[in-house]
Amino acid sequence: MTQPNCTHICSSYHQAIEFIGKRWMGMIIYTLLPGPKRYHEIHATIPGISDRLLTERLNELVNAGLINKKFIDSSIKKVEYELTPNGIAFQEVIKSIQKWIDLCDFEKTTKES
């Protein structure tokens, strides 16, 4: 198998890994995989995340086109978040990461380091 020209691919790959690797980003996407959730439901599912950081990450995901922010009943305070088709595409990535974790016994490996 030949490697493609790395100039564009490497830059895009690096940007994608940096984006998804931000703290809590993957967990927020994982939390939304089963379907839409309100802010408080997401917050309750991810122990340890601050309100400020959750709000920041949700806004980043909305701006990146990975989730939609939907206002419920014409209220500014009642908001629901759901994955867009691009966000749903992360399901395969998450499954692959889970397989890799299971294969490598990642928790054991990181504790030994």
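Parameters and conventions
- Residues numbered from 1 in each chain as written.
- Predicted model: local features only at pLDDT ≥ 70, side-chain atom pairs only at ≥ 80, totals over all residues.
- Heavy atoms only, no water.
- Salt bridge = Lys/Arg side-chain N within 4 Å of Asp/Glu carboxyl O.
- Helix = DSSP H or I, 4+ residues; strand = E, 2+ residues; numbered from the N terminus.
- Buried < 20%, exposed > 50% of the residue type's maximum accessible area, 1.4 Å probe, protein only.
- 1 Å grid on protein atoms, 1.4 Å probe; cavity = no way out; pocket = protein on both sides within 12 Å on 5 of 7 lines; lining within 4 Å.
- Points joined across faces, edges and corners; volume = space filled by probe spheres on them.
- Nonpolar A, V, L, I, M, F, W, Y, C, P; charged D, E, K, R; others polar.
- Pairing = 2+ DSSP bridges.
- Contact = heavy atoms within 4.5 Å.
- Axes fitted to C-alpha atoms, helices over the stretch in contact; angles between N-to-C directions.

Peer 1: Explain the pattern of salt bridges to me, please; I cannot follow it from the model alone.
Peer 2: Any two side chains of opposite charge can pair if their charged atoms end up close together. All chains considered together, the criterion is met by six salt bridges. In this structure, the salt-bridge partner of Glu-60 is Arg-57, at a minimum N-O distance of 2.8 Å. Remark: Arg-57 and Glu-60 occur in helix α4 (residues 51-63); sequence separation between them is three residues, near one turn of the helix. Taken as a pair, Glu-60 and Arg-57 share a single burial class, namely buried. If you follow the salt bridges from partner to partner, you end up with Lys-22, Arg-52, Glu-56, Arg-57 and Glu-60 in one network.

Peer 1: What am I meant to see in the layout of surface pockets here?
Peer 2: In this structure, the largest pocket encloses a volume near 410 Å³. As for the largest pocket, its lining consists of 13 residues, of which Ile-20, Gly-26, Val-93, Ile-94 and Ile-97 are closest to the centre. When contributions to the lining of the largest pocket are tallied by element, the ones reaching two or more residues are α1 (6-20), α2 (25-32) and α6 (90-104). Of the residues forming the lining of the largest pocket, the biggest block, six residues, is contributed by α6. Grouping the constituent residues of the lining of the largest pocket by class yields 11 nonpolar, two polar and no charged.

Peer 1: Just to check I follow, could you spell out the sheet that holds strand β3 (residues 79-83) for this structure?
Peer 2: Adjacent strands of a sheet pair through backbone hydrogen bonds, lying either parallel or antiparallel. The strand order β1-β3-β2 describes an open sheet built from three strands, whose pairing is antiparallel. Two strands in the sheet have a free side with no partner beyond their single neighbour: β1 (37-38) and β2 (67-71). Judged from the five bridges that link them, β2 and β3 form a sheet pairing that is antiparallel. Counterpart to Phe-71 in the pairing with β3 is Val-79. Each of β1, β2 and β3 touches α2; the most contacted strand, β3, lies at about 95° to it. Strand contacts of α4: β2 and β3, with the helix running at about 110° to β2, the strand carrying the most contacts.

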